[in-house]
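# Breakdown of the fold
These are the residues of each chain, in order.
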Amino acid sequence: MKQFIDFIPLLLFFIVYKLDPRTVDVAGHELTVGGIYSATAVLIISSLVVYGALFIKQRKLEKSQWLTLIACLVFGSLTLAFHSETFLKWKAPVVNWLFALAFIGSHFIGDRLLIKRIMGHALTLPDAVWTRLNIAWIGFFLFCGAANLFVAFTFQDYWVDFKVFGSLGLTVLFLVAQGIYLSRHLHDADTTTPKTED
């Protein structure tokens, strides 16, 4: 559910981007709908609405959600202010690399790896497995950032499609691979967990 909620602004951005540009009259004001700039405005507004609603309901946002929202506001606003999509093209790489940096930092700062802080309440794994898992997430975010940057500036006609569906596909494939990897170690973790007598 969390992933779906995070995906809503991006999906709305994609829909508006794909519309043929047209002028519509809203309360006596002419607005252009369709294309990168109106899609960017929709991305900013929908992000504020979605994360604002989450904040009101939960009284907090996760750090990753704050980072996503701030990046959306900064890069989206720069895109609109300077009328250049280049700023928005940098959003996904920068966000992915900041996530990678957070995972890298957890090897040196704090008492637990970031992946263990995220998943430790649900899984019991050996420390070596947590370390490999954390490194895998670092590699994933570095790769996603590089892939987004490459597509955005090499295949300009397809970068929005990749931003929405390519990144989603990569995430799903990585999560499936992670699930397969974890399934090999869950049994080992169970055997090291003390059993209680009824």
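Residues numbered from 1 in each chain as written. Predicted model: local features only at pLDDT ≥ 70, side-chain atom pairs only at ≥ 80, totals over all residues. Heavy atoms only, no water.

The subject of this paragraph is the overall build of the protein. Looking only at helices and strands, the protein has 8 helices and 2 strands in total. When the helices and strands of the protein are listed from N to C terminus, the series reads α-β-β-α-α-α-α-α-α-α. The burial tally for the protein puts 36% of its 198 residues in the buried class. Excluding contacts between residues fewer than 6 apart, the proportion of contacts in the protein whose partners are at least 24 apart in sequence is 60%. Summed over all atoms, the accessible surface of the protein reaches about 12,200 Å², with 68% contributed by carbon and sulfur. Across the protein, the 16 positively charged side chains and the 14 negatively charged ones have centroids separated by 5 Å. (Helix = DSSP H or I, 4+ residues; strand = E, 2+ residues; numbered from the N terminus. Buried < 20%, exposed > 50% of the residue type's maximum accessible area, 1.4 Å probe, protein only. Contact = heavy atoms within 4.5 Å. Areas by Shrake-Rupley, 256 points an atom, 1.4 Å probe, with all protein chains shown as cover. Lys, Arg positive; Asp, Glu negative; His and termini not counted. Charge placed at Lys NZ, Arg CZ, Asp CG, Glu CD.)

The next subject is the packing of helix α2 (residues 36-58) against helix α3 (residues 63-82). Contact geometry of α2 with α3 gives a least axis separation of 10 Å together with a crossing angle of 155°. By the angle between their axes, α2 is roughly antiparallel relative to α3. The chirality of how α2 crosses α3 is left-handed. Contacts from Y37, T40, A41, L43, I44, S47, L48, Y51, L54 and F55 of α2 reach α3 at Q65, W66, T68, L69, C72, L73, G76, S77, T79 and L80. (Axes fitted to C-alpha atoms, helices over the stretch in contact; angles between N-to-C directions. Parallel < 35°, antiparallel > 145°, perpendicular 65-115°, else oblique. Left-handed = near helix turned anticlockwise from the far one by under 90°.)

Next up on the list: the domain arrangement of the protein. When cut into domains, the protein gives domain 1 (1-83) and domain 2 (86-191). On the domain 2 side, the residues contacting the 19 residues of domain 1 number 15 residues. Counting the surface domain 1 buries against domain 2, the share from its top three residues, F14, L67 and F75, is 32%. Where domain 1 meets domain 2, there are 1 salt bridge. Across the pair K18 and D161 runs a salt bridge, and its minimum N-O distance is 3.2 Å. Counting every contact that joins domain 1 to domain 2 gives 2 residue pairs in polar contact (both at pLDDT 80 or more). Going through the elements one at a time, α1 (2-18), α2 and α3 are the ones with two or more residues in the side of domain 1 that touches domain 2. (Domains from an automatic or database assignment. Buried area = accessible area lost by both parts, 1.4 Å probe. Salt bridge = Lys/Arg side-chain N within 4 Å of Asp/Glu carboxyl O. Polar contact = N/O pair within 3.5 Å; in protein donor to acceptor, adjacent residues only side chain to side chain.)

A volume near 220 Å³ is recorded for the second largest pocket. Taken together, 14 residues line the second largest pocket, and the ones lying closest to its centre are L31, T32, V33, S38 and A41. If you list the elements that add at least two residues to the lining of the second largest pocket, you get β1 (22-26), β2 (29-33) and α2. Per-element accounting of the lining of the second largest pocket gives the leading share, 6 residues, to α2. (1 Å grid on protein atoms, 1.4 Å probe; cavity = no way out; pocket = protein on both sides within 12 Å on 5 of 7 lines; lining within 4 Å. Points joined across faces, edges and corners; volume = space filled by probe spheres on them.)

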